[in-house]
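# Coordinate inspection notes
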Amino acid sequence: MRDDGLARLPLAARHRIALLGLSVGLVLADSSVVTVALPKILIQYEVEVSTLAWALVSFNLALALAAVPAAWLARRRPVPVFGVATVLLAAASLACALAPTFGVLVAMRAVQGVAGAAVVCAALDLLSEATGTEAEAARVWALAGIVGASVGPAVGGILTQLLGWESIFVLQAPVALAGLLALRGVEARPVPAPGGRPKIAANVALLLVSGALVAALFLLVILLINGWRLDPLAAGLVVTVMPLAGIVATRFARKIEPPWARAASGAILISGGLAALAWLPHAGVLWTVPPQLAIGAGLGLSLSALTERALEGRSGQAVHGGWTIAARHAGVVLGLLLLTPIFTADLDKNEEAALSAGTAAVLDSKVSALDKIGVARDVLVAVDKAKPEARIPDVKKVVDHRDDPDYADLGDELQNQLDRAVTNAFSDSFLVAALLGLLALIPILLGRRDVSV
């Protein structure tokens, strides 16, 4: 059944498919939706940047570990599993919004991950019944997951700026509960036979691609907000480039055959885009647009192809969906645990280099010798004040406090030094992520002929 086949289904079936797709998209958006809100969360709970990553790790780790057990339950009783998990997801979302400490937030994010695993796996089984074919269900399921994961940072940024980061979780609750409407009129059906072992190559490739995408969905946002001082709303709008490119690529993805070629093309585009982010010539939003277009297109191509490959021709599809979700989110955890220490260490190293270069800039400036000491002191104070927020200060405002072009020139030079340092601090992480994307080519190419993997 092609996409136009959905239009021929009864209206009730199409509504059910839309609601189930919404539930899948909501859960997979949850893996990245708080990314733009992390700086605000850091300020509120006063934690280190390396600790802050656990707001993402806890959700993805719990989802990865719970996915396969949840899939076995969903295979036997998809309706009650979907219903109970949806209610639990909504309750955990509200608990995240009201979390009094960072530890409670992390714990509730883990509960969200467990509930989300059950929702996504049960939704795949219910989609098979609603669409009439497992192949069409896999396509809808994959598309909903791609859209959800890629729009998460943009939605989170908009909500954080307009309503506060807590609104992300408050609004999740009613959206999640709306998915319960998909259960109207659904009856229990016989349990299908087991589908055998998972397709290892496709799932390993998904793990590696997902690990690479962490740099685009997590580190790029941190660079925009903490490094280049964008507001969450502006950063959220900037990263909409990726989901838009991903949606367009998914629309035309099936014209690229065979599927392994589509997956390989996507992995190469993701790696190329990440490498381009590692070698940005200057600090500036526009420089990130072409790499984001490449990453978004690669996301749409690779995730759709690999997800369909992992589920292709499988009975007991919910179980194989569980393996697929486990692989994707294990990759996210791998990416977070691998890349976070790299960029935090590089940030410290480049901060020292920036301060040395800034000192030289002050000494070489045309500002009077007596004022140079005061300028240097003011800049160091501004940097120290920004450290608790892990944010690069706007030193031009600190330096350019007189109607004097010499001070303006010095402010521009110092800001350039800081911007260059923070941009360079992310280079190694983007390159490591690009390598993860290229490594995904190995299982993709190994599994291109063997239908059993």
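Below: a short report on this structure. Just so it is clear, the structure is predicted and the values come from calculations on it, not from any experiment.

### Notes on empty space enclosed by the protein
Throughout the structure, instances matching the rule amount to 2 cavities of 30 Å³ or more. Put simply, the largest cavity is a space of about 190 Å³. Around the largest cavity, the lining is made up of 16 residues, and of these Ser 31, Ser 210, Val 214, Leu 217 and Val 332 lie nearest the centre. For the lining of the largest cavity, the elements supplying multiple residues, two or more each, are α10 (200-227), α14 (285-311) and α15 (317-364). Per-element tally for the lining of the largest cavity: the top contributor is α10, with 5 residues. A class-by-class count of the residues in the lining of the largest cavity yields 10 nonpolar, 5 polar and 1 charged.

### Some points on the packing of aromatic side chains
Overall, the coordinates contain 4 aromatic pairs when judged by the stated rule. Through a chain of ring-to-ring contacts, three or more aromatic side chains come together here, namely Tyr 45, Phe 102, Trp 165 and Phe 169.

### Focus on the packing of helix α7 (residues 102-131) against helix α8 (residues 134-163)
It is the contact of α7 with α8, at a shortest axis distance of 8 Å, that shows an interaxial angle of 135°. In terms of their interaxial angle, α7 and α8 are classed as oblique. The way α7 lies across α8 gives a crossing that is right-handed. In contact with Val 120, Leu 124, Leu 127, Ser 128 and Thr 131 of α7, α8 contributes Glu 134, Glu 136, Ala 137, Ala 138, Val 140 and Trp 141. In the contact of α7 with α8, the residues fall into 7 nonpolar, 2 polar and 2 charged.

### A closer look at the environment of Leu 52
Mapped onto the elements of the fold, Leu 52 is located in helix α4 (residues 49-52). Look at Leu 52 and you get buried, because its relative accessible area is 4%. Spatially, the C-alpha atoms of Leu 52 and Pro 39 are 8.8 Å apart, while their sequence positions differ by 13 residues. When residues no more than four places from it in sequence are discounted, the contact partners of Leu 52 are Leu 38, Ile 41, Leu 42, Val 47 and Phe 102.

Rules used in this analysis
- Residues numbered from 1 in each chain as written.
- Predicted model: local features only at pLDDT ≥ 70, side-chain atom pairs only at ≥ 80, totals over all residues.
- Heavy atoms only, no water.
- 1 Å grid on protein atoms, 1.4 Å probe; cavity = no way out; pocket = protein on both sides within 12 Å on 5 of 7 lines; lining within 4 Å.
- Points joined across faces, edges and corners; volume = space filled by probe spheres on them.
- Helix = DSSP H or I, 4+ residues; strand = E, 2+ residues; numbered from the N terminus.
- Nonpolar A, V, L, I, M, F, W, Y, C, P; charged D, E, K, R; others polar.
- Phe/Tyr/Trp six-rings, centres within 6.5 Å; stacked < 30°, edge-to-face > 60°.
- Axes fitted to C-alpha atoms, helices over the stretch in contact; angles between N-to-C directions.
- Parallel < 35°, antiparallel > 145°, perpendicular 65-115°, else oblique.
- Left-handed = near helix turned anticlockwise from the far one by under 90°.
- Contact = heavy atoms within 4.5 Å.
- Buried < 20%, exposed > 50% of the residue type's maximum accessible area, 1.4 Å probe, protein only.

Everything listed is a geometric property; what it means functionally is a separate question.
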